[in-house]
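Here's the letter readout for the chains.
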Amino acid sequence: MERANGTDSETLLDCIVIGAGPGGLQACIHLGRYNFRVLLFHIPGGRTSYAKHLENYLGIPVVSGPVLLETGLSQVKSFGVAIEKAKVERITGREGAFEVLAGGKTYRSRYVIAASGANESLAPFKNLHRFFGHSYYTCMICDGYRTTGKKLLVIDRTANGVRMSVAMKQMYTKDVTFLAHGFSPAPVYKTLLEDEGIGLIEGRPEELLGEKNLEGVRLSDGRIIPCEVILGWGGITLNDEYLEGLDLERDAEGFKIATKSNGESSIPGLFVLGALRHGHSQAIISAGQGAEAAIEISTRIVEL
Ligand SMILES: Cc1cc2nc3c(=O)[nH]c(=O)nc-3n(C[C@H](O)[C@H](O)[C@H](O)COP(=O)(O)OP(=O)(O)OC[C@H]3O[C@@H](n4cnc5c(N)ncnc54)[C@H](O)[C@@H]3O)c2cc1C
């Protein structure tokens, strides 16, 4: 079978994959090993590129996000998948006949996998980037373990931080303080924190302190709160602009994209993976979803 030529927008491809995070890369590995005509679009960025040390990925004791992605990309190349460094701008069409606009050209494909993930929105604290992923974390599932036994400050703008503080104390460290960022928790939460032995500070963080290691946080009123690690607030924005205009079902919050368990969205033939999709977001989950979508697509292509 002739392999995909990424610059050839005339060929009807078997599958276009958007995004070279763990989900998109794993889908490409499976699709490439089926000898299908596959084209992967990618641009730098994505959540995995920020991960300093993934240590919950089976078979790999510890790896940085960028190294995991580079290794995955060369694995994908070795199976003959065509790769284009271009941003996908729009998708139209239907199962068997999708059109994907990227880099000023329109490509045609029978199936599409959207695996373009999400990007972090970080709090505007001075020096945050110095510590992000090393000692300032935003994801308990990813990095909670790294706070084990350390002096932890949980920072949140909502009472959700109370819940996080209690959970962190139950799982990782006895030394937890909650910094209520710009609000005063309701009395019921104050009592809960007191009962759990968790300190409460109300204030507005401005700057993270320390050169190599995090030493504390300076508040706008000048107070300094010592800590070794922070679980701070953050958020994500989905990389889904190119999906606008499609009639896609979203989750109950109207945010992430709803899919069937095999990853197929409400548009037949368009599969959605990873951080774009409802459910928990972890590298190994995205990779599993990539494998599943690829297998499902293969059964349709060869009518198994
Ligand atoms: C600091 C940090 C630490 C983390 N630690 C862990 C951990 O220890 N373990 C773990 O399992 N998970 C961890 N995660 C979460 C993990 O990174 C995500 O669950 C995972 O990245 C989701 O993968 P994904 O496949 O959805 O895509 P992403 O990794 O988000 O990648 C998507 C890719 O698509 C590209 N893209 C976006 N838009 C377009 C477009 N229009 N056209 C072409 N390409 C596009 C992006 O640039 C990116 O390269 C961490 C996340 C962060 C931020």
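Just above, that's the structure.
Note that the structure is a prediction, hence the values are computed from the model and not measured.

Draft legend 1. Looking closely at the state of the cysteines. Under the defined criterion, the tally for this structure stands at one disulfide. The disulfide that involves Cys 139 links it to Cys 142, with 2.4 Å between the sulfurs. Given an S-S torsion of about 75°, the disulfide between Cys 139 and Cys 142 has right-handed geometry. The exposure class of Cys 139 is buried, given its relative accessible area of 14%. Of the residues examined, Cys 142 reaches a relative accessible area of 30% and is grouped as partly exposed. Cysteine Cys 15 is unpaired, with the sulfur of Cys 28 as its nearest cysteine sulfur at 7.5 Å. Taking the relative accessible area as the measure of exposure, Cys 15 reaches 0% and is therefore buried. Note on Cys 227: no disulfide assigned, nearest cysteine sulfur contributed by Cys 139 at a separation of 18 Å. Cys 227 gets classed as buried once you look at its relative accessible area, which sits at 3%.

Draft legend 2. The packing of helix α1 (residues 22-32) against helix α7 (residues 283-301), seen in detail. The geometry of α1 relative to α7 is characterised by a closest axis approach of 7 Å and an angle of 35° between their N-to-C directions. Judged by the sense of rotation from one axis to the other, the crossing of α1 with α7 is right-handed. Taken together, the residues of α7 that come into contact with α1 (itself represented by Pro 22, Gly 23, Gln 26, Ala 27, His 30 and Leu 31) are Ala 283, Ser 286, Ala 287, Gly 290, Ala 291, Ala 294, Ile 295 and Ile 297.

Rules behind the numbers
- Residues numbered from 1 in each chain as written.
- Predicted model: local features only at pLDDT ≥ 70, side-chain atom pairs only at ≥ 80, totals over all residues.
- Heavy atoms only, no water.
- Disulfide = S-S within 2.5 Å.
- Buried < 20%, exposed > 50% of the residue type's maximum accessible area, 1.4 Å probe, protein only.
- Axes fitted to C-alpha atoms, helices over the stretch in contact; angles between N-to-C directions.
- Helix = DSSP H or I, 4+ residues; strand = E, 2+ residues; numbered from the N terminus.
- Left-handed = near helix turned anticlockwise from the far one by under 90°.
- Contact = heavy atoms within 4.5 Å.

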